[in-house]
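The chain contents come next:
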Amino acid sequence: MAKDTTYPELRIEPELMEKLRDIVKRREEVQALVDKAESNKTKVKPAIYSKVITDYRSRLKAIRSEFVPVSEQVKKGLEDVQRRETDIRARLQEVSDDLEEQRFRCQIGEFPKKELEPIEAEMGEVQRELNEQIGVLESTYEECSRCLSEPPPESAHTLSGESCTDAPAVAELPRVPTPPPAPLDAGGSKEPFPPGKDNAPRPRAAETRPKLEPVAGSGGEPTPEPGAEPAATQALKLVNKDGDPELHPLTADKLSIGRSPKSDIVLKVAGVSRTHAHVVRTGDERFTIIDTSGGGGVAVNGKKQKKAALEPGDTIRIASVEIEVVTA
């Protein structure tokens, strides 16, 4: 397969990522053997099961020792990528503002529309290239998030009296800022502004996006609008990066968890995909969590699952974050 050489400065070194992918693949394969061995341990003599499972866990520990130094190199590369991202997003905002300014000057009669068209075409091309770079950034973050995810909790077993979970926690990935305002129509419009009320400039994306009410923390729950949602009977409780408990009432039919700023519960830690999981209502006072990470995984009560029913007292683990199902 041909390597993608587009914007290499916005990607992690290919050889390094290939090495990390190989380690993660081997870890997943051995973990699958561990899971199968545990599920079938009653079919063999205890001594045979013990010998096999000890071998598999020893392999996992060896793979973790390979994973740590490689993951540290990847995280250093991500720091460089993040610095470039800051410049790209600042430049995109600058170009969008410049284009808006030129359209406004044209509207009030500083220069004719025919002089605006080449300006729109030139700035539109710059916007296209910058947005393409942001797409590469998102792809880099997505793959690194998946590959840097921590091993599932069910691999935490003891081996000859020693813990197999002594690998250091993966550090937080660089935060992906909220996408910039949507580019103005460059080159395609014959008018300095799109038709609309009072011929006013188009609102920016950030101004038109619906605002989400803050989730209640230890200070109490938000008061829902009358008739908007049923009273919560259950909630998801977690501790944020500041050490404060957060309570997320399960009032809607679906609640999203992920790294994306648009998620209902935003987890900005390594191993969390942009849309990592959904908690959906399956009946009165009953909820199910569905893994939508594409590889990151969700563990419920210590067992990695693609889909699991939730009850008060259950514990959900996503990467390094532990979430408890509680009675609201």
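Below or above, wherever it landed, is the structure these notes cover. (Residues numbered from 1 in each chain as written. Predicted model: local features only at pLDDT ≥ 70, side-chain atom pairs only at ≥ 80, totals over all residues. Heavy atoms only, no water.)

Things to note about the state of the cysteines
- The full count for this structure, using the stated rule, is zero disulfides.
- Here cysteine 144 stays free of any disulfide, with the sulfur of cysteine 147 as its closest cysteine sulfur at 7.0 Å.
- A relative accessible area of 1% places cysteine 144 in the buried class. (Disulfide = S-S within 2.5 Å. Buried < 20%, exposed > 50% of the residue type's maximum accessible area, 1.4 Å probe, protein only.)

Re helix α1 (residues 14-39)
- Between its first and last C-alpha, α1 extends 37 Å over 26 residues, near the 38 Å set by a 1.5 Å rise per residue.
- Taken together, the buried positions of α1 are Leu16, Met17, Leu20, Ile23, Val24, Arg27, Val30, Gln31, Val34 and Ala37.
- The inward-facing, buried residues of α1 abut α2 (46-107) and α3 (113-147). (Helix = DSSP H or I, 4+ residues; strand = E, 2+ residues; numbered from the N terminus. Expected span 1.5 Å × (residues − 1). Contact = heavy atoms within 4.5 Å.)

Overview of unusual backbone geometry
- Within the chain, asparagine 301 stands out as a residue other than glycine whose phi angle is a positive 55°.
- Tracing the backbone through its elements, the reader meets asparagine 301 in the loop between β9 (299-300) and β10 (303-304).

Looking at the pattern of salt bridges
- One pass over the full model with this rule turns up 21 salt bridges.
- Taking the shortest distance from any N to any O, the salt bridge between glutamate 94 and arginine 91 comes out at 2.6 Å. A residue pair is termed a helical-turn pair when its members lie 3 or 4 positions apart in one helix, as glutamate 94 and arginine 91 do in helix α2 at three residues.
- Owing to a relative accessible area of 43%, glutamate 94 belongs among the partly exposed residues under this scheme. (Salt bridge = Lys/Arg side-chain N within 4 Å of Asp/Glu carboxyl O.)

Here's the deal with the sheet that holds strand β5 (residues 254-258)
- The sheet built from five strands is open, its strands ordered β6-β5-β7-β8-β11 with mixed pairing. Because the sheet does not close on itself, it has two edges, and the strands there are β6 (265-266) and β11 (307-310). (Pairing = 2+ DSSP bridges.)

Description of the sheet that holds strand β12 (residues 315-318)
- Pairing in this open sheet of six strands is antiparallel, and the strands run β4-β3-β13-β12-β9-β10 from one edge to the other. The sheet terminates laterally at β4 (245-249) and β10, the two strands that pair on one side only.
- Sheet topology note: the strand β3 (residues 234-239)/β4 ladder contains five bridges and is antiparallel. For leucine 236, the partnering residue across the bridge sits in β4 and is histidine 248.

Keep in mind these values describe shape, not function.
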